[in-house]
Amino acid sequence: MEIIAPLLDWISNNPTWAGLFVMLTAFAESLALVGLFLPGAAMMFGIGALVGTGHMELWPTLAWAAVGAIAGDGVSFWLGRTFHQRIRVMWPFRTHPELIARSTRFFYRHGGKSILLGRFIGPIRPVIPAVAGMLEMPTGRFLIVNIISGLCWAPVYVLPGMVFATSLGLAAEAATRLAVLGGFLIVLILVLVWLTRLVFDWIHRHTYAPMRRLLEWTRLHPVMGEVPAALLDPEHREARGLTLLALILLTAAALTAWLLPLALGSEWLRNINHYVFHTLQTLRTPAMDHVMVAITQLGDTTVLGMLFLVLFGWLGWQRRWHAAGHWLAAAVFSVALTQLLKAATHIERPIALYDGASALSFPSGHASHSMVVFGFLAVLIGRELNDQRRFVVYAFTVTLVSAIAFSRLYLGAHWLSDVIGGLFFGLAWVALLGIAYRHHPSGALNLRGLLAATLLSLGAVYGWNSQTHFERDLQRYAVQRETVSMATRQWWTAGWHSLPAYRHDIRGYRDHPLTLQYAGGLAPLRQQLEAAGWYGPMRADALNWLNWLSSQMPIHQLPVMPQVHDGRNESLLLVRKSGDTDTLFALRLWRTDITLQPGNRPLWTGNVSTLHLSANHGLYVPRTGKDFATPLKLLLRQVQSGELSGFRYRQPQSDGRQLLMLRYAAE
């Protein structure tokens, strides 16, 4: 937060320079071929996020983006118009002949509409304007279509980021850590898709020629070429070569098992593992815990095992024995390799979660098995598709497997080295099997049947597994806390000082002071507060949030966002009218890890805050303001006047902080 804040302030104070940056980004993203190597979608999404957070204005940003996009396509068209067919042999166009050919076919098929349609099709987007110029599209017609496409392109690329940032603003009201983690995951997904596209295109451009040369070499050296021939030669039997490759991979795994304890003994790797673990634990929230448990269950043995069995049976029923054999080899070797490495390394998990062999950590079974099962499933599906659709399948698989791997880190089930190891060995085996499968003849698969079997089996077993085990897994992966006992007298006199003075959200983020501590049960406190004018607000559930869309709704009828402190949602949330139609007072209490003795009385910490009606891009949401003193004085007056009876109170001032301590005398 402290690093980003100066940048955001600069953007807010220098809108012209920020607008020029938006224009240059859109220009480069649309420029011939440059856009292929620039994560333009992610950058425009980030620009939209700045609009959503209020640091940039919407309409000027859209205007700058449209101007940049129109200019980028205009320069590309000028290049094609100037150099004509010579552009095919000019750098960097000569290194991407397949894109020129694909864009040419697209232009002949769609004519002038290709400029508008191509603007939203990734591979040909930065090439189609140059091809239009090369093929002598009339300049006037191009300018009209280019302007229309640029005006359409800007909101399509900017508005999703704005909407997401607005939703993050809501998340930040609950927990800044939730907003930070959500934003990080979205950017990570965009970058992964972009990297997948780069790798996919690079493989298509650079690997076929070396593979042909390697195949010719294997035919001249049949003994030494046994392994590569098993992968590349359609006439060569695969079983022996793949067995040798499996043994090689097992040898590499054994070497890893021998070297890994030495590596983990080194300070730098151990520090990285612990840093990632503790950082993610500090970012945990109850809402994200639910999301990550749902994602991690996609990699459960039950889910992947049933998916494997159903598809293996389906492939056998379809008599696609070649595909079934590879599918069996993928799963069996993955399980064998994972269990071998776990037994050999005998590394413990960061947190004790399982018993027996499952208690061992390296490598992550969720990461390796999901990489193998979903990865080879993508190979089976991708073989039946053209390049463009195959990329979509691979990008989706990369995102899914990465999400499962990240969930293991977030939930504290594995070290970073466990996840990387699982992904590496799984990817290596899938790559070898995929090359062999694609280079050996076999009948085409019934793609609709394969997709139907996959979706139905995965949906059924995942739904059953989630319904049966979700609550158990949520408790298993919950943040582990240690309860501390403290004498009531000690807390009353000096122990209050050991509780945090600010809400734990993001380290260094100290906007919400904790001004209230309470000892006792919540039921009597709630009863007394409700009698004194406090009431439970409307919660932000699946339907009530629609009230945020109405500018005419009074603030006391709007849902109030819950807030997170130290990874917990508040246990008590009450609000009270303040006399101002756009302001509410809110009282929140969170359970602490301290139990007061005698009597095992729970100790709570919280605050009394001011909620103001905030309007942001069509959403009208009660947000926490900076005035914590006024509502605290109101609560103190209610205690002193007897409106809250049966409570003892104290206001310690030794450290200068505002604090009201309440203690239910009847307990």
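Calculation rules
Residues numbered from 1 in each chain as written. Predicted model: local features only at pLDDT ≥ 70, side-chain atom pairs only at ≥ 80, totals over all residues. Heavy atoms only, no water. Helix = DSSP H or I, 4+ residues; strand = E, 2+ residues; numbered from the N terminus. Buried < 20%, exposed > 50% of the residue type's maximum accessible area, 1.4 Å probe, protein only. Contact = heavy atoms within 4.5 Å. Areas by Shrake-Rupley, 256 points an atom, 1.4 Å probe, with all protein chains shown as cover. Core = buried A, V, L, I, M, F, W, Y, C linked by side-chain atoms within 4.5 Å. 1 Å grid on protein atoms, 1.4 Å probe; cavity = no way out; pocket = protein on both sides within 12 Å on 5 of 7 lines; lining within 4 Å. Points joined across faces, edges and corners; volume = space filled by probe spheres on them. Nonpolar A, V, L, I, M, F, W, Y, C, P; charged D, E, K, R; others polar. Expected span 1.5 Å × (residues − 1). Patch = residues over 30% accessible without salt bridge, like charges linked within 9 Å, V, L, I, M, F, W, Y side chains within 5 Å. Salt bridge = Lys/Arg side-chain N within 4 Å of Asp/Glu carboxyl O. Phe/Tyr/Trp six-rings, centres within 6.5 Å; stacked < 30°, edge-to-face > 60°. Lys NZ or Arg CZ within 6 Å of the ring centre and 35° of its normal.

Undergrad: When you look at the overall build of the protein in this model, what are you seeing that I'm missing?
TA: When helices and strands are tallied, the protein shows 23 helices and ten strands. Expressed as a percentage of its 667 residues, the buried residues of the protein come to 50%. Nonlocal contacts in the protein, meaning residues at least 24 apart in sequence, comprise 72% of its contacts between residues at least 6 apart. Accessible surface for the protein amounts to roughly 31,400 Å². Of this, 65% is attributable to carbon and sulfur atoms.

Undergrad: Which parts of the structure should I look at to understand the nonpolar core?
TA: In this structure, Leu 315, Trp 327, Phe 374, Phe 376, Leu 380 and Leu 450 are the most contacted members of the largest nonpolar core, which totals 68 residues. Of all hydrophobic cores here, the second largest spans 24 residues; its members include Leu 516, Ala 532, Leu 636 and Tyr 664.

Undergrad: How should empty space enclosed by the protein be read in this particular structure?
TA: To find the voids left in a structure, one rolls a probe of water-molecule size over its atoms. Taken as a whole and judged by the stated rule, the model has one cavity of 30 Å³ or more. In this model, the largest cavity occupies a volume close to 70 Å³. Leu 337, Thr 338, Ser 368, Phe 425 and Gly 426 are, among the 13 residues lining the largest cavity, the residues nearest its centre. Those elements giving two or more residues to the lining of the largest cavity turn out to be α16 (321-345), α17 (365-382) and α19 (416-439). Taken together, the residues of the lining of the largest cavity sort by class into seven nonpolar, six polar and no charged.

Undergrad: Help me out: how do you make sense of helix α2 (residues 15-30) in this one?
TA: Spacing of three or four residues puts side chains on the same side of an α-helix, whose turn is 3.6 residues. Its 16 residues give α2 an end-to-end C-alpha distance of 22 Å, which sits within 8% of 22 Å, the value for a rise of 1.5 Å per residue. If you check which residues of α2 are buried, you get Ala 18, Gly 19, Val 22, Thr 25, Ala 26, Ala 28, Glu 29 and Ser 30.

Undergrad: Sorry if this is basic, but what is going on with a nonpolar patch on the surface here?
TA: Together, Leu 116, Phe 120, Ile 144, Ile 148 and Val 156 make up an exposed nonpolar region whose accessible area comes to about 420 Å². Here the nonpolar patch gets three residues from one element, more than from any other, and that element is helix α8 (residues 139-174). By the secondary structure assignment, Phe 120 is in the loop between α6 (113-118) and α7 (128-134).

Undergrad: I'm lost on the side chain of Ser 407 in this one. Help?
TA: As for its position among the elements, Ser 407 is in helix α18 (residues 387-410). Its relative accessible area of 0% is what places Ser 407 among the buried residues. With residues near it in sequence (within four places) discarded, Ser 407 still touches Met 292, Ile 295 and Thr 296.

Undergrad: Just checking my understanding: could you explain the pattern of salt bridges for this structure?
TA: Any two side chains of opposite charge can pair, given that their charged atoms come close. Tallied over the entire structure, the rule returns eight salt bridges. The shortest N-O distance in the salt bridge between Asp 289 and Arg 284 comes to 3.1 Å. By the burial criterion, Asp 289 is buried, and Arg 284 matches it. Of the charged contacts in the structure, one is a salt bridge between Arg 568 and Asp 593, with a shortest N-O distance of 2.7 Å. Residue Arg 568 is located in strand β4 (residues 568-569), and its partner Asp 593 is located in strand β6 (residues 583-597); the two are separated by 25 residues in the primary sequence. Assessed through its relative accessible area of 21%, Asp 593 is described here as partly exposed. One network of salt bridges, with partners in common, ties together Arg 472, Asp 473 and Arg 476.

Undergrad: Is there a simple way to explain the packing of aromatic side chains in this structure?
TA: In this description, a pair of aromatic rings is defined by centroid distance and the angle of the planes. Using the criterion set out here, one finds eleven aromatic pairs in the structure. Between Phe 333 and Trp 429, the aromatic rings sit 4.3 Å apart at their centres with planes inclined by 35°, giving tilted as the arrangement. Here the residue Phe 333 occupies a position in helix α16, and Trp 429 occupies one in helix α19, the gap between them amounting to 96 residues. Among the aromatic residues, ring-to-ring pairing joins Phe 308, Phe 312, Trp 327 and Phe 376 into one connected group. Here the basic side chain of Arg 591 rests over the ring of Trp 604, its NZ or CZ set 5.4 Å away from the ring centre. The residue whose ring lies beneath Arg 663 is Trp 492, and the NZ or CZ to ring-centre distance is 5.5 Å.

Undergrad: Looking at this structure, how should I read unusual backbone geometry?
TA: Peptide bonds are trans in most cases, and residues, glycine excluded, mostly fall at negative phi. Residue Pro 363 follows Phe 362 across a cis peptide bond; omega there is -5°. Among the structural elements, Pro 363 can be located in the loop between α16 and α17. Residues Gln 597 and Pro 598 are joined by a peptide bond in cis, for which omega reads 0°. With respect to the helices and strands, Pro 598 occurs in the loop between β6 and β7 (601-616). Backbone geometry at Glu 136 places phi at a positive 65°, although glycine is not the residue there.

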